[in-house]
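The lines below spell out each chain.
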Amino acid sequence: MIKKFTYKLFLTLATSLLLLTSLCLTSPLTTRNHLHKQLVAQPTLYFHGWAGSASSTNHLIAAAAALPQAKKVLTITVTESGQLAINGSWQDNVKYPLIQVLFANNQAEIPQQARWIDKVVTYLQTNYHIQSFNIVTHSMAGPATFYWAITSYRPTYPQFNKFVAIAGPFDGVIHIDDVPNQNYFQADGLPAYQNAAFKNYYRQRQAFPKNTQVLNIYGNLADGSNSDSLVTNVSARSLGSLVKGQVASYQEITITGPSAQHSRLHNNDQVNHAVDNFLFK
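Our subject in this report is the structure included herewith. Just so you know, these numbers come straight off a predicted model, no measurement behind them.

So, about the overall build of the protein chain. When its secondary structure is counted, the protein chain shows seven helices and eight strands. For the protein chain, the proportion of its 281 residues judged to be buried stands at 47%. For the protein chain, long-range pairs separated by at least 24 residues make up 78% of all intrachain contacts whose partners lie at least 6 apart in sequence. As displayed, the protein chain has an accessible area near 14,000 Å², and 55% of this comes from carbon and sulfur atoms.

Now the structure itself:
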C-alpha cells in the first residue's frame, strides 16, 4: 500500500513539475508575441514641396518626435537619378517611426515626384514589411502625393492610412495660374475656374484609396487676399472637391494671421499640434 501511494505521489509531483516547466517556457514567448503585435509600426513619411529642403519638414518632425513612441528613424534622399540614399536605421521597437524624404532635384514635375514617392513606399514595404503608413506634405508635395495615389497606388500596397496636406495648391498657384479672390466654389462644390492639373485629378479621383483619412490645412493671412501669399484658399480647399464623400474622413483647418504665410506654415506650432493630434491620438 505504501509503495502504491509513493508511486502515485511521484506521478503527481512529476506531472506538476512538467506543467510548471511548460508554463515557464511558453509564457515569455507568449508575452513577446503579444508585445510584437502591439508594436506593429505605422511610419509617417514627410515630403517637402517645390524647391523645398530638410528645413521644410524639420519642425514638423521634431514636434512629432517629442511624442511618446514616436522617433525619427530614417532620412531617405531620392537622388537625381532616382536612387534611394538611406541614412539612419529602422528600429522595430518604435511604434511611430518618422521618415524624412528629400528630393535631390527639388524642382521636378509632379509626375516625376509621384514616381519617386512610389519608389519610397515600395522600398519600405519590401525592406521593413510595413502594413500601413501616413504621409505629411507641404505645398506641391500635396498634389504630387494625390497624383501618386490615383495613378500608382495598388491594393497590394500597405494601407495608406492618413494623408495631411499643408498649403497644397490643388487648383493653381498665385503669380502662375491663379489670382487672389478670383476663384470660388460653385453650388456643386467644384471650383469655378479649374486648371489643367485639377481637371486631371478630378477625372481620376475615384482611384484615390477609399480608406484614407484626410486632413487639409491651409493658411489665410487675413489681409484680404484669402490666401497664404502663394496659394489661395480656394486652390487649397479644392482638395475637398476631389475626395469628399469617397474617403474615410475629410476635415479642414484654417490657420490665420501672419504666421499662416505659405513658407511659415511648416514652422507653425498650431499646425504641428493639429497634425500630431490627427496622426497619433
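What the eight strands build is an open sheet, ordered S3-S2-S4-S1-S5-S6-S7-S8; its pairing is mixed. With partners counted over all chains shown, the strands left at the sheet margins are strand S3 (84–88) and strand S8 (249–256), one partner each. Mean inter-strand twist for the sheet, computed between neighbouring axes without regard to direction, equals 20°.

On to the pattern of salt bridges, then. All told, the structure shown has one salt bridge when counted by the stated rule. Taking the shortest distance from any N to any O, the salt bridge between arginine 237 and glutamate 252 comes out at 2.9 Å. Of this pair, arginine 237 sits in helix H6 (residues 233–243) while glutamate 252 sits in strand S8, placing them 15 residues apart in sequence. Accessibility expressed as a relative area gives 30% for arginine 237, which makes it partly exposed. Look at glutamate 252 and you get partly exposed, because its relative accessible area is 26%.

Right, let's talk about helix H4 (residues 141–151) for a bit. Since one α-helical turn is 3.6 residues long, residues separated by three or four positions face the same way. Taking burial as the measure, the 11 residues of H4 include 10 buried ones, the bulk of the element. Of all the residues in H4, the buried ones are Ala141, Gly142, Pro143, Ala144, Thr145, Phe146, Tyr147, Trp148, Ala149 and Ile150. Against strand S1 (44–47), helix H3 (110–128), strand S5 (132–138), strand S6 (159–166), helix H5 (196–203) and H6 lie the buried residues of H4.

Glancing now at unusual backbone geometry. Positive phi, normally seen in glycine, also occurs at alanine 167, with a value near 55°. Structurally, alanine 167 is set in the loop between S6 and H5. You can call alanine 167 buried: its relative accessible area is 1%. The backbone phi angle of asparagine 226 is positive, close to 50°, even though this residue is not glycine.

One can find glutamine 42 in the loop between helix H1 (2–38) and S1. There is a polar contact of 3.0 Å between the side chain of glutamine 42 and the side chain of serine 132. Not counting the four nearest positions on each side in its chain, glutamine 42 is found in contact with Lys95, Tyr96, Pro97, Ser132, Phe133, Asn134 and Asn161.

At a minimum axis separation of 10 Å, helix H2 (residues 58–65) and helix H7 (residues 269–280) run at an interaxial angle of 55°. Taken together, the axes of H2 and H7 lie oblique to each other. Classified by chirality, the crossing of H7 by H2 is right-handed. When H2 is examined against H7, the residues His59, Leu60, Ala63 and Ala64 are found in contact with a partner set consisting of Asp269, Val271, Asn272, Val275, Asp276 and Phe280. Its residues assigned to classes, the contact of H2 with H7 shows six nonpolar, two polar and two charged.

Of all seven residues in S5, seven are buried; the element is thus mostly enclosed. Alternating positions in S5 separate into two faces, Ser132, Asn134, Val136 and His138 on one and Phe133, Ile135 and Thr137 on the other, with burial throughout. Bridge analysis of S1 against S5 gives four bridges, and the strand direction is parallel. Residue pairing in the sheet places threonine 44 in a bridge with asparagine 134 of S5. Viewed along the sheet, the connection from S5 through H4 into S6 turns out right-handed.

Cut-offs applied
Residues numbered from 1 in each chain as written. Predicted model: local features only at pLDDT ≥ 70, side-chain atom pairs only at ≥ 80, totals over all residues. Heavy atoms only, no water. Helix = DSSP H or I, 4+ residues; strand = E, 2+ residues; numbered from the N terminus. Buried < 20%, exposed > 50% of the residue type's maximum accessible area, 1.4 Å probe, protein only. Contact = heavy atoms within 4.5 Å. Areas by Shrake-Rupley, 256 points an atom, 1.4 Å probe, with all protein chains shown as cover. Pairing = 2+ DSSP bridges. Axes fitted to C-alpha atoms, helices over the stretch in contact; angles between N-to-C directions. Salt bridge = Lys/Arg side-chain N within 4 Å of Asp/Glu carboxyl O. Polar contact = N/O pair within 3.5 Å; in protein donor to acceptor, adjacent residues only side chain to side chain. Parallel < 35°, antiparallel > 145°, perpendicular 65-115°, else oblique. Left-handed = near helix turned anticlockwise from the far one by under 90°. Nonpolar A, V, L, I, M, F, W, Y, C, P; charged D, E, K, R; others polar. Right-handed = clockwise from strand over helix to strand, strands pointing away.

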